[in-house]
Amino acid sequence: MKNKVMQVDLLKETERQMHQILMHQEARDQYADGEGVFARANVADQAVHDGIELYARLIANGRRSLFASIYPLAETLLGKKFDALIQAFRESNKATHYNFNRQAQGLAQFVEANKNIYATRYPFLSELIEYEWLELQVMEHEGDLPPASHCAKDHHSPEEYAAISVQLNPTLIGVDFDYPIQDLIESIQSGEKLPRRFKKSPCHMVFLRDRDDDQRVVQLGPIARGMIARCRAKTDLTVGELLVQVLQDRELSEHHGSDLENLLSIIDDLSEMQAIFLV
Amino acid sequence: MGLKKSAFMHSKDQLPYLGIGLGLRREIASETLRSDKIDWLEIVPENYMRIGGHARRRLAKARAKHTIVTHGVNLSIGCADPLDQNYLDDLKALLDYIDAPWFSDHLCFTSFESDYMHELLPLPLTEQAALHVADRAKRVQEFCNRPFLLENISYYMDVPGSEMQEASFFARVVERADCGILLDVNNVYVNSINLNFDPYVYLAALPLERVVQIHVAGHSHTDTHLIDTHGAPIIEPVFELLQHVLERCDAKAVMLERDQNFPDFVEIENELDIIRKMVESTYSCKTARNICDSTIVNDLVAPL
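Overview of the structure. (Residues numbered from 1 in each chain as written. Chains lettered and ligands numbered in written order. Predicted model: local features only at pLDDT ≥ 70, side-chain atom pairs only at ≥ 80, totals over all residues. Heavy atoms only, no water.)

1. Looking at the nonpolar core
Piece 1. Phe38 of chain A together with Leu150, Leu183, Ile214 and Ile275 of chain B are the most contacted members of the largest nonpolar core, which totals 112 residues.
Piece 2. Judged by nonpolar contacts, the second largest core, of 42 residues, contains Ala68, Ala74, Leu134 and Cys203 of chain A. (Core = buried A, V, L, I, M, F, W, Y, C linked by side-chain atoms within 4.5 Å. Buried < 20%, exposed > 50% of the residue type's maximum accessible area, 1.4 Å probe, protein only.)

2. Digging into the interface of chain A and chain B
Piece 1. The partner chain B presents 45 residues to the 45 residues of chain A that form the contact.
Piece 2. Between chain A and chain B lies a buried interface of about 4000 Å² when both sides are counted; carbon and sulfur atoms form 62% of it.
Piece 3. Along the contact surface separating chain A from chain B lie 6 salt bridges.
Piece 4. We note a salt bridge from Asp115 of chain B to Arg90 of chain A, for which the minimum N-O separation is 2.7 Å. (Contact = heavy atoms within 4.5 Å. Buried area = accessible area lost by both parts, 1.4 Å probe. Salt bridge = Lys/Arg side-chain N within 4 Å of Asp/Glu carboxyl O.)

3. Here's the deal with the pattern of salt bridges
Oppositely charged side chains can form a pair if their charged atoms are brought close together.
Piece 1. A full pass over the atoms with the stated rule returns 29 salt bridges over all chains.
Piece 2. Asp210 of chain A is the salt-bridge partner of Arg216 of chain A, the closest N and O atoms lying 3.0 Å from each other.
Piece 3. The shortest N-O distance in the salt bridge between Asp39 of chain B and Arg276 of chain B comes to 3.0 Å. Note that Asp39 of chain B is positioned in the loop between helix 2 (29-34) and strand 2 (40-43) and Arg276 of chain B in helix 10 (residues 265-301), a separation of 237 residues in sequence.
Piece 4. Asp39 of chain B sits in the partly exposed class, given a relative accessible area of 30%. (Helix = DSSP H or I, 4+ residues; strand = E, 2+ residues; numbered from the N terminus.)

4. Focus: a negative patch on the surface
Residues and elements named next belong to chain A.
Piece 1. On the surface, Glu26, Asp29, Glu53 and Glu91 cluster together into a patch of negative charge.
Piece 2. Note on placement: Glu26 falls in helix 2 (residues 25-30).
Piece 3. The exposure class of Glu26 is exposed, given its relative accessible area of 57%. (Patch = residues over 30% accessible without salt bridge, like charges linked within 9 Å, V, L, I, M, F, W, Y side chains within 5 Å. Areas by Shrake-Rupley, 256 points an atom, 1.4 Å probe, with all protein chains shown as cover. Lys, Arg positive; Asp, Glu negative; His and termini not counted. Charge placed at Lys NZ, Arg CZ, Asp CG, Glu CD.)

5. Overview of helix 5 (residues 81-92) of chain A
All names here are of chain A.
Piece 1. For helix 5, with 12 residues, the first-to-last C-alpha span of 17 Å sits near the 16 Å given by 1.5 Å per residue.
Piece 2. What helix 5 keeps buried is the set Phe82, Leu85, Ile86, Phe89 and Arg90. The arc that holds every buried residue of helix 5, seen down its axis, measures 125°, which confines them to one face. Summarising the geometry of helix 5, the exposed residues directed more than 90 degrees from the buried face are Lys81 and Ser92. (Expected span 1.5 Å × (residues − 1). Arc of directions from axis to C-beta.)

If you want it as structure tokens, here you go:
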């Protein structure tokens, strides 16, 4: 038993050193002068040094293509600085998930936590990165969407319609942004020069995957947002209950004109965009 | 009286013959699923485990048409950390869903202390590492409840401290684990050039009777190395290695790996045709020879 532990320790030590050397530039610059398995004293073979350089390059190139495929707008915006950002992110964040794409999770939080370094020129950078991450998230979300049904209000009496169940799209993710993110994205995509100062303009966006497995990103107003929040809080809500809850919300009714016609029209819109399903 | 067959060799006898396959890749999925030149498909399980949307839809379509096996990249069988049970649970659920006759991963490590490096990294070729990997491979095979195959990776340096040749290490692992081999003949070729050894000597040292599946692919060049990119046509010396292996083992499936730099799909189908001809001519020869051999044996034992 003791021998087995020693064996694994030796293997672990070799793997620890390889991990350090391949994942950290600083360790790679110094390993040959150290004392470990890969020290110059133990490795006379140039082929090992060439191999390490090659592996480090393969890992870095793979990581770069991965991050660029998930965050193409951030890459466009940052240019060469994008490489430095992902290198810094990866040096201080483990890729703990077996799925390749999820290696890139958490970049927005990293930028936000280090905004004095990475977001001085573009204060909205963490929001842009979050936006691009959520686009991927909804496309890969595990949730199954209910089959299509025909529950439009025109096909039912008011009583029947009020009794229909409302199901929230399980892939839906709602996020508040401080900056007018969709305008910024359009500017980056069209290659426009961005202004030096960015005015905040808070908005609430929802990201979802529809029945055709296409992605939708939509900005919601306060009433639609309130409806989504209620559907999330209670899974077996009916149309009637949803309407009553929104009508009873004093803030919504006082400030946002929640008359019945308007609410029914918003339910239609949410259903049309597949944020909710009437089943 | 012959030697007693191991449990794995018994299960290999029961495995279906799948024929000629291709990796299911997003970029060429629609052509792949339309083609009539493909008998079965291989998927990278990490791209489908707990993932919905297009990936799940693609998998459902593929499953309706073909037998599917998985070829993982992040089991990290050689890692000194404990096996990742969440990974195994997700893998098992996928294997059950597609009803895979077998599954495979690489003889390497890809993570250290829960940090995935997303590169297939070579192990120190030591007796201790072989025991460690074999023990884990055995447990993985038992947990997933179907034959497990390990693939020889392409690698670009010998890890310091290694005590044996790669073929001996590979043989030791699969025999001790009593699991199968996914033999990648392109990797054998790439390694033989990069690390300067005779690929035929390498093959002679492997227990080829354990080969269930064969990979064949193209590779690329840098200034110093051949790189296993799966992004180019197969070259002749790799076809020669494939022929050599086919003549010496009873493989259940041969697969073309093409993962990038995709050509017109017809070029992929042409490569599949070449592979099919090689497999069919070799195996029909082998069958004829077996019938012939058994006739001789019967003649010898026939009463005078």
